[in-house]
Amino acid sequence: MNFKNESGKLVLFFEGRIDSYNADQRGAEIQQIIDENPHEEITFDLDQLEYISSAGLRIVLRIRKSEPTLTLINASPDVYDIFDMTGFTEMIPVVKAYRKFSIDGCEVIGAGANGVVYRLNPDTIIKVYKNPDSLPDIQRERELARKAFVLGIPTAIPYDVVKVGDKFGSVFELLNAQPFANLIAADMDRMDYYIDLYVELLKKIHSTQTKAGEMPDMKATALKWAEFLKDYLSEEEYGKLYSLINEVPEDNHIVHGDCHIKNVMMQNGEVLLIDMDTLCLGHPIFEFSSMFLAYGGINENHHEKTMDFLGLPYEVAVEIWYKTLKKYFGTDDENKIKEYSDKAKVVGYTRIIRRMIRRHGLENEEDKKDIELFMGNLKELLKTVDTLMF
């Protein structure tokens, strides 16, 4: 049998079959490996195991008695069913193998900081997480989506976790669903229609309340963004920025955190929200700050990148931003719309400057120019914006 022992973590790789014909031999091989390899944890990787009989199960049970850390991973559906039907899953951690998917040639229908969303076929989409160690993030997003769904926010809940290369993905059933960005690009004359539906969804989200602690606190996160900029602003500028965010009242209403038109889908006439890992609680100012970035704020120096992200020209994205503000706040007063936009920009610039600096943006010329632009804009806004409330 193949095995590895790294830092006291012993992994044995099972192949083929374990039945009454070879159980004694396989059992002796397994025990010899265990005896000759000092360890603190032990795992049986069943990825290549085709079948295990009652004789094989007795081997596992015997080893479990002397190895309390024993865990079984990558069990195929058939092998997992054997462990499940015989009650082993109640005694030993048994992890089912993840189905494997390829995204070669698949359409990208959305992207965010944590992952990329692909269409596998007309019925199915998959969100592939960028971090290979993303299982806790996937579980967290699933739980947030479930909470939102129960509270009446229309969303899709993932029904499976799969492997895509060395990364994990969440699979959703979204029959014939299309992002609003695609629908607007295909029929610009219906832009206002889709913005009406979009704003209706935003108001539904922002009017939905839950208990404090049920979801992350967006204000607390935004204050950390501001704290990061302390060394990059004057004392007066930093004090003003921190106070503006700190004075936003605590709020237990839901904020999506990344509610742009790539994350809003139309499925058979029903509007659905996806990409729920950013769900949090807070004032809508934090929602609008992320929306500003999505609709061109992040690409003020690179208009062509908005086309790459939304599939729409920069000018159209900016138009959608201002139309959304007008519809949400129910006004065509240009001064009021500029006021609301400026408030969102204060938080938006704070967020993107911090992110770019943390990703070593000051070390390359292109990012450095962006940071300088955003920082200059932020400093100008701090001279005129006296509250983030609306």
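Just above, that's the structure.
Residues numbered from 1 in each chain as written. Predicted model: local features only at pLDDT ≥ 70, side-chain atom pairs only at ≥ 80, totals over all residues. Heavy atoms only, no water.

**A few points about the nonpolar core**
So, step 1. Counting residues in each nonpolar core, the largest one holds 74 residues, and the members touching the most others are F180, Y198, I261, I320, V346, I353 and L388.
So, step 2. Here the element with the most residues in this core is helix α12 (residues 334-358); it accounts for 10 residues.
So, step 3. In contact with Y198, not counting residues within four places along its chain, are F180, C259, H260, I261, V264, M291, Y295 and T324.
So, step 4. Counting residues in each nonpolar core, the second largest holds 28 residues, with I18, I52, A55 and L57 among its members. (Core = buried A, V, L, I, M, F, W, Y, C linked by side-chain atoms within 4.5 Å. Buried < 20%, exposed > 50% of the residue type's maximum accessible area, 1.4 Å probe, protein only. Helix = DSSP H or I, 4+ residues; strand = E, 2+ residues; numbered from the N terminus. Contact = heavy atoms within 4.5 Å.)

**As for helix α1 (residues 23-36)**
Since the α-helix turns once every 3.6 residues, residues separated by three or four places project in the same direction.
So, step 1. Between the first and last C-alpha of α1 there are 20 Å, a value that for 14 residues agrees with the 20 Å anticipated at 1.5 Å per step.
So, step 2. Taken as a whole, α1 has its buried residues at A23, R26, G27, I30, I33 and I34. For α1, the angular spread of buried residues about the axis comes to 130 degrees, placing them on one side. Exposed residues on α1 whose side chains face more than 90 degrees from its buried face are D24, Q25, D35 and E36.
So, step 3. Turning to α1, the residues buried within the fold contact β1 (2-6), β2 (9-18), β3 (41-52) and α2 (54-66). (Expected span 1.5 Å × (residues − 1). Arc of directions from axis to C-beta.)

**Things to note about the packing of aromatic side chains**
So, step 1. In this structure the tally under the stated criterion is 18 aromatic pairs.
So, step 2. Plain terms: the ring middles of F14 and F44 are 4.7 Å apart, the flat faces sit at 40 degrees to each other, and that makes the pair tilted. Here F14, found in strand β2, pairs with F44, found in strand β3; they are 30 residues apart in sequence, far enough to count as distant. Across the pair, F44 and F14 agree in class, each one buried.
So, step 3. A network of ring pairs unites the aromatic residues F288, F292, W321, Y328, F329, Y340, Y349, F374 and F390 as a single cluster.
So, step 4. In this arrangement the basic side chain of K96 is found over the ring face of Y80, its NZ or CZ atom lying 4.8 Å from the centre.
So, step 5. Directly above the ring of Y328 sits K203, whose terminal nitrogen or CZ lies 5.6 Å from the centroid. (Phe/Tyr/Trp six-rings, centres within 6.5 Å; stacked < 30°, edge-to-face > 60°. Lys NZ or Arg CZ within 6 Å of the ring centre and 35° of its normal.)

**Structural notes on the packing of α1 against α2**
So, step 1. Where α1 contacts α2, the axes come no closer than 9 Å and their chain directions differ by 20 degrees. Of the possible angle classes, the one that applies to α1 and α2 is roughly parallel. At the point where α1 passes α2, the crossing takes the right-handed sense. Where α1 approaches α2, its residues A23, G27, I30, Q31 and I34 are matched on the opposing element by A55, I59, R62 and I63.
So, step 2. Residue composition of the contact of α1 with α2, grouped by class: 6 nonpolar, 2 polar and 1 charged. (Axes fitted to C-alpha atoms, helices over the stretch in contact; angles between N-to-C directions. Parallel < 35°, antiparallel > 145°, perpendicular 65-115°, else oblique. Left-handed = near helix turned anticlockwise from the far one by under 90°. Nonpolar A, V, L, I, M, F, W, Y, C, P; charged D, E, K, R; others polar.)

**A look at the sheet that holds strand β14 (residues 264-267)**
So, step 1. The antiparallel open sheet is built from 3 strands, whose spatial order is β12-β14-β15. Of all strands in the sheet, those with a lone pairing partner are β12 (178-179) and β15 (270-273), marking the two edges.
So, step 2. In terms of strand pairing, β14 meets β15 through 4 bridges, oriented antiparallel. Paired with V264 across the strands is L273, a residue of β15.
So, step 3. In this fold helix α6 (residues 191-206) packs onto β14 and β15, with an angle of close to 115 degrees to the strand it touches most, β14. (Pairing = 2+ DSSP bridges.)

**A closer look at the packing of α6 against helix α11 (residues 314-329)**
So, step 1. Two numbers describe how α6 lies on α11: the axes approach to 10 Å, and their chain directions differ by 55 degrees. Taken together, the axes of α6 and α11 lie oblique to each other. α6 and α11 meet at a crossing whose hand is right-handed. Touching M191, D192, I195, D196, Y198, V199, L202, K203 and H206 of α6 are V316, E319, I320, K323, T324, K327 and Y328, all from α11.

**Section: the pairing of strand β10 (residues 160-164)**
Look at any regular strand and the pattern is simple: side chains alternate between the two faces of the sheet.
So, step 1. Most of β10 sits inside the fold, with 4 of its 5 residues counted as buried.
So, step 2. Strand direction decides the pairing type here: strand β6 (residues 99-100) and β10, joined by 2 bridges, are parallel. By the bridge assignment, R99 is partnered in β10 with V162.
So, step 3. Bridge analysis of β10 against strand β11 (residues 167-173) gives 5 bridges, and the strand direction is antiparallel. Of the residues in β11, the one forming a bridge with V161 is S170.

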